[in-house]
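Commentary on secondary and tertiary structure
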Amino acid sequence: MEEVTYFNLLYDYYGDLLTDKQKEYFESYYFNNLSLGEMAEIYGVSRNAIHKQVKNVTEKLEHYEKVLGLCELNNKLNEIISKMDNSEIKSELEKLIK
């Protein structure tokens with residue numbers, strides 16, 4: 001899975017566990033595609049500080065996934081559901097995981 005897609009997916013699951021500043025940096029970098037230099041200018045801090053924060057956030061997201069495994073569980077459930085024949089049960093299960 002592409003790195004950006006992977007971290008965006010993890011952010012969907014665990015973003016609420018981050019601080020407001022961490023969310024802001026993550027979204028600026030991954031959603032708005034700003035460079036570290038652009039972010040440093042906007043936030044009035046060094047490029048290195050931005051780099052450390054973005055790295056810290058991605059490490060936290062990976063840690064949350066390692067401990068909680070919600071993304072992996074959802075992928076496994078989607079795989080099982082896709083193989084089901086009973087459309088009524090399949091539809092109800094899809095509603096639960098979305």
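Look up: the structure comes first, before these words.
Presented here is a report on the structure given in the accompanying data block. (Residues numbered from 1 in each chain as written. Predicted model: local features only at pLDDT ≥ 70, side-chain atom pairs only at ≥ 80, totals over all residues. Heavy atoms only, no water.)

With that out of the way, let us pick up the side chain of asparagine 74. Secondary-structure assignment places asparagine 74 in helix α5 (residues 70–82). In this view, asparagine 74 contacts Tyr13 and Ile97; residues no more than four positions away in its chain are not counted. (Helix = DSSP H or I, 4+ residues; strand = E, 2+ residues; numbered from the N terminus. Contact = heavy atoms within 4.5 Å.)

The subject of this paragraph is the nonpolar core. With 18 residues, the main nonpolar core has Leu10, Leu18, Phe26, Met39, Ile50, Val54 and Leu61 as its most contacted residues. For this core, the secondary-structure elements that each account for two or more residues are α1 (3–14), α2 (20–31), α3 (36–43) and α4 (47–68). No other element matches the 5 residues that α4 contributes to this core. Not counting residues up to four positions away in its chain, the partners in contact with methionine 39 are Tyr25, Ser28, Tyr29, Leu34, Ile50 and Val54. (Core = buried A, V, L, I, M, F, W, Y, C linked by side-chain atoms within 4.5 Å. Buried < 20%, exposed > 50% of the residue type's maximum accessible area, 1.4 Å probe, protein only.)

Before going further, it helps to spend a moment on the packing of α1 against α5. Packed helix pairs are characterised by how far apart their axes lie and by the angle those axes make with each other. Relative to each other, α1 and α5 sit at 105°, their axes nearing to 9 Å. By the angle class used here, α1 and α5 are roughly perpendicular. Contacts between α1 and α5 involve Leu9, Leu10, Tyr13 and Tyr14 from the first element and Leu70, Cys71 and Asn74 from the second. In the contact of α1 with α5, the residues fall into 6 nonpolar, 1 polar and no charged. (Axes fitted to C-alpha atoms, helices over the stretch in contact; angles between N-to-C directions. Parallel < 35°, antiparallel > 145°, perpendicular 65-115°, else oblique. Nonpolar A, V, L, I, M, F, W, Y, C, P; charged D, E, K, R; others polar.)

Moving on to the pattern of salt bridges. Evaluated as defined, the whole model comprises 4 salt bridges. With a closest N to O distance of 4.0 Å, lysine 23 and aspartate 16 form a salt bridge. For aspartate 16, a relative accessible area of 71% corresponds to the exposed category. Glutamate 79 is paired through a salt bridge with lysine 83; the nearest N and O atoms lie 3.8 Å apart. Overall, the relative accessible area of 48% leaves glutamate 79 in the partly exposed class. Assessed through its relative accessible area of 61%, lysine 83 is described here as exposed. (Salt bridge = Lys/Arg side-chain N within 4 Å of Asp/Glu carboxyl O.)

So, about a nonpolar patch on the surface. Together, Leu17, Val67, Leu68 and Leu70 make up an exposed nonpolar region whose accessible area comes to about 360 Å². Tracing the backbone through its elements, the reader meets valine 67 in helix α4. Residue classification places valine 67 among the exposed positions, given a relative accessible area of 54%. (Patch = residues over 30% accessible without salt bridge, like charges linked within 9 Å, V, L, I, M, F, W, Y side chains within 5 Å. Areas by Shrake-Rupley, 256 points an atom, 1.4 Å probe, with all protein chains shown as cover.)

Just geometry here; none of it tells us what the structure is for.
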